Amino acid sequence: MPARPDRTLFRMRTGAIPGSSGRVRPLRLLGDPHLAAPCAEVTEFGFELARLVEDMYATMYASGGVGLAANQIGVPLRVFVYDCPDDEDRRHLGHLVNPRLVYADGLIFRGPEGCLSLPGIEAGTPRFDRAVVEGVSVDGSPLRVEGSGFFARCLLHECDHLDGKLFTDRLEGRRQRRALRAAARAPWATGPRA
């Protein structure tokens, strides 16, 4: 998920920056089969998983995003990373392995949403204002993440990715047609132009 246009990305002031030892991987774009298929549960924890998370942070930061799912770099595993503000500009930084959406509730807001896998495409997308996601860390420790506002939108967006859905799947009618038409005409699009 890309950063909000009215926000700047936060950077850590002390300690190692997540992704600083990772390598930037190519992003998968709309039309790539990895984005349309549900991801598999992680069953092996260790160096390879830790390296994947580092690479995901590096890729997210290099792309100017606030969240990234593993299938967006072609790895069909249930993992996502985030460095995302909420509506009060509180920073939320972390990752989840095998995340499970516990609940989403509150008001439904139609807010601007984009995706690193659809660069430059944005549409008003309905999302709940609150979300709770549970999973584990790279070492298998249980995690529970609660979000509201923009951070809830980020959590829901990344959970959708792991289920093989894009934000455009949440759009209807004219909004969906407009977003998909813009994606088909984008310079990064593959296949015939609309």
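Scroll up a little and you will see the structure.
This report concerns the structure included in the present document.

The rules behind each value
Residues numbered from 1 in each chain as written. Predicted model: local features only at pLDDT ≥ 70, side-chain atom pairs only at ≥ 80, totals over all residues. Heavy atoms only, no water. Helix = DSSP H or I, 4+ residues; strand = E, 2+ residues; numbered from the N terminus. Expected span 1.5 Å × (residues − 1). Buried < 20%, exposed > 50% of the residue type's maximum accessible area, 1.4 Å probe, protein only. Phe/Tyr/Trp six-rings, centres within 6.5 Å; stacked < 30°, edge-to-face > 60°. Pairing = 2+ DSSP bridges. Axes fitted to C-alpha atoms, helices over the stretch in contact; angles between N-to-C directions. Contact = heavy atoms within 4.5 Å. Core = buried A, V, L, I, M, F, W, Y, C linked by side-chain atoms within 4.5 Å. Salt bridge = Lys/Arg side-chain N within 4 Å of Asp/Glu carboxyl O.

1. Brief notes about helix α2 (residues 47–62)
With 16 residues, α2 extends 22 Å between its outermost C-alpha atoms, agreeing within 8% with the 22 Å of an ideal straight helix rising 1.5 Å per residue. Those residues of α2 that sit buried are Leu49, Leu52, Val53, Glu54, Asp55, Met56, Tyr57, Ala58, Thr59, Met60 and Tyr61. The first or second residue beyond α2 is glycine 64, which carries a positive phi of 75°.

2. Comments concerning the packing of aromatic side chains
Under the definition given, this model contains three aromatic pairs. Judged by centre distance (6.2 Å) and plane angle (50°), the rings of phenylalanine 80 and tyrosine 82 are tilted. Tyrosine 82 carries the same exposure label as phenylalanine 80, and that label is buried. Judged by centre distance (5.2 Å) and plane angle (55°), the ring pair of tyrosine 82 and phenylalanine 151 falls under tilted.

3. Looking at the sheet that holds strand β4 (residues 122–136)
Judged by pairing direction, the sheet is antiparallel, and its five strands sit side by side in the order β1-β2-β3-β4-β5 without closing on themselves. Each edge of the open sheet carries a strand with a single partner, namely β1 (67–69) and β5 (142–148). Between one strand and the next, the sheet's axes are offset by a mean angle of 30°, whatever the strand orientation. Direction of pairing for β4 relative to β5: antiparallel, over a ladder of seven bridges. The residue bridging valine 132 from the neighbouring strand is glutamate 146, located in β5. Against the sheet, α2 makes contact with β1, β2 (79–85) and β3 (91–114), and its axis sits at roughly 40° relative to β2, the strand it touches most.

4. Observations concerning the nonpolar core
Of all hydrophobic cores here, the largest spans 17 residues; its most connected members are Leu52, Met56, Leu68, Val79 and Val81. For this core, the elements supplying multiple residues, two or more each, are α2 and β2. If you tally residues by element for this core, the top one is α2, at seven residues. Every residue in contact with leucine 68, bar those within four places of it in the chain, is listed here: Leu27, Met56, Thr59, Met60, Ile73, Val79, Phe80, Val81, Leu116 and Glu158. Cys39, Val66, Cys84 and Cys159 belong to the second largest nonpolar core, which has 16 residues in total.

5. Describing the pattern of salt bridges
On inspection of all chains with the given rule, the structure shows 17 salt bridges. Between arginine 127 and glutamate 113 there is a salt bridge; the shortest N-O distance is 2.8 Å. Here arginine 127 is found in strand β4, whereas its partner glutamate 113 is found in strand β3, with 14 residues between them in sequence. Summarising the burial analysis for this pair, arginine 127 and glutamate 113 share the class buried. Here glutamate 134 ties to arginine 144 by a salt bridge, and the two come within 2.5 Å at their closest N and O atoms.

6. Considerations on the pairing of β2
Along β2, seven of the seven residues are buried, which leaves the element largely enclosed by surrounding structure. Where burial is concerned, the two faces of β2 agree: the one with Val79, Val81, Asp83 and Pro85 and the one with Phe80, Tyr82 and Cys84 are both buried. Pairing of β2 with β3 involves seven bridges; the strand directions are antiparallel. Looking at the pairing, cysteine 84 lines up with histidine 92 of β3. Where β2 folds back on β3, the antiparallel hairpin that results is connected by five residues, among which aspartate 89 adopts a positive phi of roughly 65°.

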